[in-house]
Amino acid sequence: IDFAGSSKDLSLKGIFVSTDNTFSSGTKCSIKICLTGGIDKIELMIKGTVVRKSKNGMGIEFDSMDVETYSHLKNIVYYNSIDD
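What counts and what doesn't
- Residues numbered from 1 in each chain as written.
- Predicted model: local features only at pLDDT ≥ 70, side-chain atom pairs only at ≥ 80, totals over all residues.
- Heavy atoms only, no water.
- Salt bridge = Lys/Arg side-chain N within 4 Å of Asp/Glu carboxyl O.
- Helix = DSSP H or I, 4+ residues; strand = E, 2+ residues; numbered from the N terminus.
- Buried < 20%, exposed > 50% of the residue type's maximum accessible area, 1.4 Å probe, protein only.
- Phe/Tyr/Trp six-rings, centres within 6.5 Å; stacked < 30°, edge-to-face > 60°.

A.B. asks: Whenever I open this one, the pattern of salt bridges confuses me. Can you help?
C.D. replies: Opposite charge on two side chains permits them to pair, given that their charged atoms come into close proximity. Under the definition given, this model contains two salt bridges. Among the ionic pairs, Lys28 bridges to Asp63, the shortest N-O distance being 3.5 Å. Remark: Asp63 occurs in strand β5 (residues 57-64) and Lys28 occurs in strand β3 (residues 28-35); sequence separation between them is 35 residues. Looking at Lys28, the relative accessible area reads 61%, which means it is exposed. Across the salt bridge formed by Lys41 and Glu43, the nearest N and O atoms sit 3.3 Å from each other. Of the residues examined, Glu43 reaches a relative accessible area of 36% and is grouped as partly exposed.

A.B. asks: Can you walk me through the packing of aromatic side chains in this structure?
C.D. replies: Here a ring pair, both rings aromatic, is described through the centre-centre distance and the interplanar angle of the planes. Applying the stated criterion to the full structure yields one aromatic pair. Consider the rings of Tyr78 and Tyr79, whose centres lie 5.2 Å apart with planes at 75 degrees: the pair is edge-to-face. Classification of Tyr78 as partly exposed rests on a relative accessible area of 48%.

So this is what it looks like as structure tokens:
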């Protein structure tokens, strides 16, 4: 089953996806994060598990990803957490 959602919170450990479609806690899933705004389209593929469900979406804990995906994710989290 495929569906789209918007990321609300993103960390190196997981993501909260704002969506009307949710899976039950404990459900294994694959997450595709599409990065926009750059010259090249970058898609991060991550395996995860639903750990929390709410009326607004679901929290997914990351289980595994390749080294390149981890590097992109680390940079995204770092650059979005820098205080001015």
